[in-house]
Amino acid sequence: MDNKAVEALTEAEAKAELAQLAGALAQANILYHGQDAPGISDSEYDALKQRNALIEARFPKLKRPDSPSEQVGAAPSEGFAKVTHVVRMLSLSNAFDGDDIIEFDERIRRYLGLGDVAPLEYTAEPKIDGLSLSLRYEAGKLIHAATRGDGAVGENVTTNARTIAERVAEGRKLPDIPLLIDGAPDVLEVRGEVYMSHADFADLNTRQVARSDKQFANPRNAAAGSLRQLDSAVTRRRPLRFFAYAWGELSAPLSDTQMGAIERLNDFGFQINPLTALCDGPAGMLAHYDKIEQLRAALGYDIDGVVYKVNDLSLQGRLGFRSTTPRWAIAHKFPAELAWTHLEAIEIQVGRTGALSPVARLQPVTVGGVVVSNATLHNQDYITGLDSKGQEIRGGKDIREGDWVQVYRAGDVIPKVANVDLSKRPEGSAVYVFPDKCPECGSPAIREDGDAVHRCTGGLICPAQAVEKLKHFVGRAAFDIEGLGAKQVEQFYLDGWVKEPSDIFTLGERFSSGLQQLKNREGWGEKSANKLFQAIEEKRNIPFARVLFSLGIRHVGEQASNLITRNYTSWPALITAMDAAAACEGVEWDNLLGIDGVGDVMARSLVMAFAPGPERDSIDKLTGHLNIEDAEHPDIDGSPVAGKIVVFTGTLEKMTRAEAKARAEALGAKVSGSVSAKTDLLVAGPGAGSKAKKAADLGIETIDEDGWLQLIDGL
Ligand code: IVH
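These remarks concern the structure in this document. Model, not experiment: these values are computed from the prediction. Counting restarts for each chain: residues are numbered from 1 in the order of the written sequence. Thresholds applied to this predicted model are a pLDDT of at least 70 for local features of residues and 80 or more for the giving and counting of side-chain atom pairs; totals over whole chains, interfaces and linings are not thresholded and use all residues. Hydrogens and water are ignored here; the side-chain numbers use all heavy atoms of the structure.

**Structural notes on the overall build of the chain**
Part 1 of the reasoning: Where helices and strands are cited, they refer to DSSP runs of H or I of at least four residues and of E of at least two residues respectively, numbered from the N terminus. From N to C terminus, the chain includes 27 helices and 24 strands.
Part 2 of the reasoning: Its C-alpha radius of gyration of 29 Å places the chain within 12% of the 27 Å reference for a compact globule of 715 residues.
Part 3 of the reasoning: Each principal axis of the C-alpha distribution contributes one length, and for the chain these read about 95 × 65 × 60 Å.
Part 4 of the reasoning: Among the 715 residues that make up the chain, the fraction classed as buried is 47%.
Part 5 of the reasoning: Across the chain, contacts joining residues at least 24 apart in sequence account for 66% of those joining residues at least 6 apart.
Part 6 of the reasoning: Values of accessible area rely on a 1.4 Å probe in the Shrake-Rupley scheme; residue burial ignores everything except the protein chains shown. For the chain, the exposed surface amounts to about 33800 Å²; the carbon and sulfur share of it is 51%.
Part 7 of the reasoning: Just so you know, the count uses Lys and Arg for positive and Asp and Glu for negative, and it drops His and the chain ends. Taken as the charge location is NZ of Lys, CZ of Arg, CG of Asp or CD of Glu. Each charge class in the chain can be summarised by its mean position, and for the 80 positive and 101 negative side chains these summaries are 3 Å apart. Computation of the radius of gyration draws on C-alpha atoms, with the globule rule given as 2.2 Å multiplied by the number of residues to the power 0.38. Only protein chains enter the calculation, and the probe is 1.4 Å; a residue is then buried if its accessible area is under 20% of its type maximum, exposed if over 50%, and partly exposed in between. Only heavy atoms enter the contact rule, under which two residues are in contact if any of them lie within 4.5 Å.

**Section: the packing of helix α14 (residues 463-473) against helix α15 (residues 486-494)**
Part 1 of the reasoning: The axes used here are C-alpha line fits, helices contributing only the stretch in contact, and every angle between their N-to-C directions lies in the interval 0 to 180 degrees. The contact between α14 and α15 brings their axes to 9 Å, and the two run at 140°. With respect to their mutual orientation, α14 and α15 come out oblique. Viewed along their axes, α14 and α15 form a crossing whose handedness is right-handed. Across the interface between the two elements, P463, A466, V467, L470 and K471 of α14 pack against A486, V489, E490 and Y493 of α15. Roughly parallel means an angle under 35 degrees; roughly antiparallel means over 145; roughly perpendicular covers 65 to 115; every other angle is labelled oblique. We call a crossing left-handed when the near helix sits turned anticlockwise from the far one by less than a right angle, and right-handed when that turn is clockwise.

**A short note on the nonpolar core**
Part 1 of the reasoning: Counting 54 residues, the largest nonpolar core has I564, W571 and F610 as the members making the most contacts within it.
Part 2 of the reasoning: The next biggest cluster of nonpolar side chains, apart from the first, holds 36 residues, and it includes L133, L135, A184 and A222. Working definition of a nonpolar core: buried Ala, Val, Leu, Ile, Met, Phe, Trp, Tyr and Cys residues. They are joined through side-chain atoms within 4.5 Å.

**What about the site of the ligand?**
Part 1 of the reasoning: By nearness alone, 15 residues border the ligand, and E125, I128, R148, E193 and Y245 come closest of all.
Part 2 of the reasoning: The term polar contact refers here to a pair of N or O atoms within 3.5 Å; inside protein, the definition further demands a hydrogen-donor-capable atom paired with an acceptor-capable atom, and it admits residues adjacent in sequence only when both atoms are side-chain atoms. Between the ligand and P126, the relevant distance is 3.2 Å, taken from a nitrogen atom to a main-chain nitrogen or oxygen of the residue.
Part 3 of the reasoning: Side-chain polar atom of K127 to an oxygen atom of the ligand: 3.2 Å apart, as the coordinates give it.
Part 4 of the reasoning: Considering the ligand on its own, with 530 Å² of exposed area, one finds that the protein chains cover 88% of that surface.
Part 5 of the reasoning: Listing elements by their share of the shell around the ligand, those giving two or more residues are β3 (122-128) and β10 (303-310).
Part 6 of the reasoning: Broken down by element, the residue count for the shell around the ligand peaks at four residues, all from β3. Note on definitions. A residue lies near a molecule or strand when any single heavy atom of the residue is within 4 Å of it.

**Brief notes about the packing of helix α21 (residues 571-582) against helix α22 (residues 586-593)**
Part 1 of the reasoning: Contact pair α21 / α22: the axes reach a minimum separation of 7 Å and the direction vectors enclose 120°. Classed by the angle they form, the pair α21 and α22 counts as oblique. Of the two possible hands of crossing, α21 and α22 adopt the one that is left-handed. In contact with A577, M578, A580 and A581 of α21, α22 contributes E588, W589 and L592.
Part 2 of the reasoning: Any residue outside Ala, Val, Leu, Ile, Met, Phe, Trp, Tyr, Cys, Pro, Asp, Glu, Lys and Arg is labelled polar, Gly included; the first ten of those are nonpolar and the last four are charged. For the contact of α21 with α22, the per-class residue count stands at six nonpolar, no polar and one charged.

**Points about the pairing of strand β21 (residues 645-649)**
Part 1 of the reasoning: With respect to burial, β21 is a largely interior element, five of its five residues being buried.
Part 2 of the reasoning: Burial of β21 is two-sided: the residues I645, V647 and T649 facing one way and the residues V646 and F648 facing the other way are all buried.
Part 3 of the reasoning: As paired elements, β21 and strand β22 (residues 670-672) share three bridges and run parallel to each other. From the neighbouring strand, I645 faces β22, where its bridge partner is K670.
Part 4 of the reasoning: Crossovers are described as right-handed under a simple rule: with the strands pointing away from the observer, the path leading from the first strand over the helix to the second runs clockwise. Handedness of the crossover joining β21 and β22 through helix α25 (residues 657-666) is recorded here as right-handed.
Part 5 of the reasoning: DSSP bridges decide pairing: two strands pair if at least two such bridges lie between them. In this structure, β21 lies alongside strand β23 (residues 681-684), joined through four bridges in parallel fashion. Bridge pairing in β23 links T649 to A684.

**Considerations on helix α23 (residues 600-610)**
Side chains that are three or four residues apart share a direction in an α-helix, a result of its 3.6 residues per turn.
Part 1 of the reasoning: Along α23, the positions that sit buried rather than exposed are M602, A603, S605, L606, V607, A609 and F610.
Part 2 of the reasoning: In this fold, the buried residues of α23 make contact with α19 (544-550), α20 (558-568), α21, α22 and α24 (614-623).

**Things to note about the sheet that holds strand β24 (residues 701-703)**
Part 1 of the reasoning: An order of β22-β21-β23-β24 is seen for the four strands of this open sheet, with the pairing classed as parallel. On the outer flanks of this sheet lie β22 and β24, each paired with one strand and no other. On average, adjacent strands in this sheet sit at an angle of 30° to one another, irrespective of strand direction.
Part 2 of the reasoning: The sheet contact formed by β23 and β24 spans three bridges and is parallel. Its bridge partner being in β24, L681 is matched across the sheet by E701.
Part 3 of the reasoning: On top of the sheet, helix α26 (residues 690-698) reaches β21, β23 and β24; it is set at about 145° to β23, its chief contact.

**Quick look at the pattern of salt bridges**
Part 1 of the reasoning: What counts as a salt bridge is simple: a side-chain nitrogen of Lys or Arg found within 4 Å of a carboxyl oxygen of Asp or Glu. Counted under the stated rule, the structure contains 32 salt bridges.
Part 2 of the reasoning: For K693, the salt bridge identified is with D697, shortest N-O distance 3.4 Å. Of this pair, K693 and D697 both sit in helix α26, separated by four residues, roughly a single helical turn. Both residues of the pair, K693 and D697, belong to the exposed class.
Part 3 of the reasoning: Through salt bridges with shared partners, a single network forms among R136, E138, E189, R191 and E249.

**Some remarks on unusual backbone geometry**
Part 1 of the reasoning: Phi at D480 takes a positive value of approximately 45°, unusual for a residue other than glycine.
Part 2 of the reasoning: Along the polypeptide, D480 turns up in the loop between α14 and α15.
Part 3 of the reasoning: According to the relative accessible area criterion, D480 is partly exposed, its value standing at 33%.
Part 4 of the reasoning: Although it is not a glycine, T569 adopts a positive phi angle of roughly 60°.
Part 5 of the reasoning: Overall, the relative accessible area of 23% leaves T569 in the partly exposed class.

**Quick look at the packing of aromatic side chains**
Part 1 of the reasoning: We call Phe, Tyr and Trp rings a pair once their centres come within 6.5 Å, taking the six-membered ring for Trp, and we label the pair stacked below 30 degrees between planes, edge-to-face above 60, and tilted otherwise. The full count for this structure, using the stated rule, is 15 aromatic pairs.
Part 2 of the reasoning: With a centroid separation of 6.0 Å and an interplanar angle of 75°, the aromatic rings of F544 and W571 are classed as edge-to-face. A residue pair is termed long-range when its members are at least 10 positions apart, and F544 in helix α19 and W571 in helix α21 qualify at 27 residues. W571 shares its class with F544; the two are buried.
Part 3 of the reasoning: One aromatic cluster in this structure is built from Y137, F242 and F270.
Part 4 of the reasoning: We note R394 situated over the ring of Y382; from NZ or CZ to the ring centre the distance is 4.9 Å.
Part 5 of the reasoning: Positioned above the aromatic ring of Y493, the side-chain terminus of K499 is 4.1 Å from the ring centre. We call a charge positioned over a ring when the NZ of a Lys or the CZ of an Arg lies within 6 Å of the ring centre and within 35 degrees of the ring normal.

Below, the structure written as structure tokens:
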């Protein structure tokens, strides 16, 4: 290739060279993707890419539609195929101090009915600060790799994961991930964390600077950006590492214990973390935490806590899961990193439920490798110096505009203010007065008794609430309409085209009847407008859970929507139940509250959203445009209790009440606290009283604990 200085190139030469570079890089990519043998070395590849970028910078007009620089920068999430996880990928609940760990152990003992002294072992291991990856092997061969995504569906990143399996890191003899495994179960899904070492991260950023490419804020972002790359040739040049710590689907168990299973993964060729230890209770767990914390700075990679897991896998099985986290594991987080900065202003944001959220605008400061310029101030009390229970925080110091504040961030959470330096408070600074009017619509903002939050009372007339609701409605876990994101929906709102979700479904009709002309608006042509209408049409058929989540009802998030819709299974059934609950029918309240994960607050919020009024009208208008697909009961292949209403009463001797309830729900049953004509089955232990009598009067099938265990045996 001609290596004439870029400054000396004529336009014709530049054009020819760009074509040549596009061809060479495309060829290199094909070789990287499709074959084991790369066509050119990493450094040659880098040099070609860099020359291409330099020529493009000097002759921007000559940039080709198939420019190699564009291919690298494309938004990754659009481009990956989806993978449905056979076994969901969960997250972990968090603990912050020793008391939380003692409670974790107590909770587990209570759930299992173990008492205070029975032995109970845990593993303790570092919590790696990267991103999780699931690797599926069939007959010992790596067949696909997927990110966690929303836990149920992830992105297929197989080609990129293979690059990890093809690199031997410095100081190691084998890659962190094996491509082929000897002696593995037929189906083996290995889960763990992809991460980047400090040294590799520093090298990568040096290379990025040299190529005038963007630098990464921290190793986790670099690892995530590298794994979720459409161009796997780029991933190949990013030195990613992997620690295995869990598994998904298995055709045969790996071991009886967590430790044994992890050791087997190690035998199969996976890297496991050398600081994984077996502990016999909270004291040992906390001692190992201290040890890991002391070693943290010298590890050479980022960790953000210690994960504890019940070692006995049969106990893990009994403990099972809450909606998104296992009961048998917890993450003990390290204290957050801190930095001081200047608080320039306090601004109020109005959310989709009308909550007024105060936000601190900060002079940008680096905290733990990330530039922070905003921090949440939560609510009025938090600014005043009180927590949710009315206890003093920060020694009771209030927060004012102009203050010198200490901010912190832990993991992905929004930064918070930890402290205020009163010695630096500007003279004459004023106490912050929380607004009693919505800054967006001027409606009164009311703080109800017992609530920490001020809420705008404007409802749908408040533009901020309406826009936030619309943004939520088109979000990824809700309607996810291609071509209709937060930006577009905000613009449509300002234009007066879409005021509420149902308007989206009449857009096409209104435009085609000539009412408004989307295609003449900036950014829209006839083709893109028609594509949008087509995408909207496609979303008229939509799963039940997505519809419920899309409504943006307070406290009803994605997981809750799944739980609720699985329970009611169809939209009409939910509406009937909500109408009955609004009319104060106790059985419906019992049913709703009987769903594991639905508490009092959520239940009330749900019923209120469906109570007669403008919000319900808006919901009905929307659903008139939709065909809502029924939900399925979870995990119920062959379950004799799927969809049945079960009541437990009396003393259970082989399991705790909590365990019985969780198990029944996992098998698709609804567990209720009271017997009614709707009850299908009563499980009665010794000492059963009025409930057993009522069931007998109503002719409801009644069995004992052994009968129940027989009924669900093997499921
Ligand atoms: S166990 C079912 N172990 O932390 C439990 N997770 O905050 C599966 N993580 O999503 C997770 N190190 O990405 C586990 N040693 C470790 C971990 C670990 C990092 C990540 C993982 C998980 C997240 C939860």
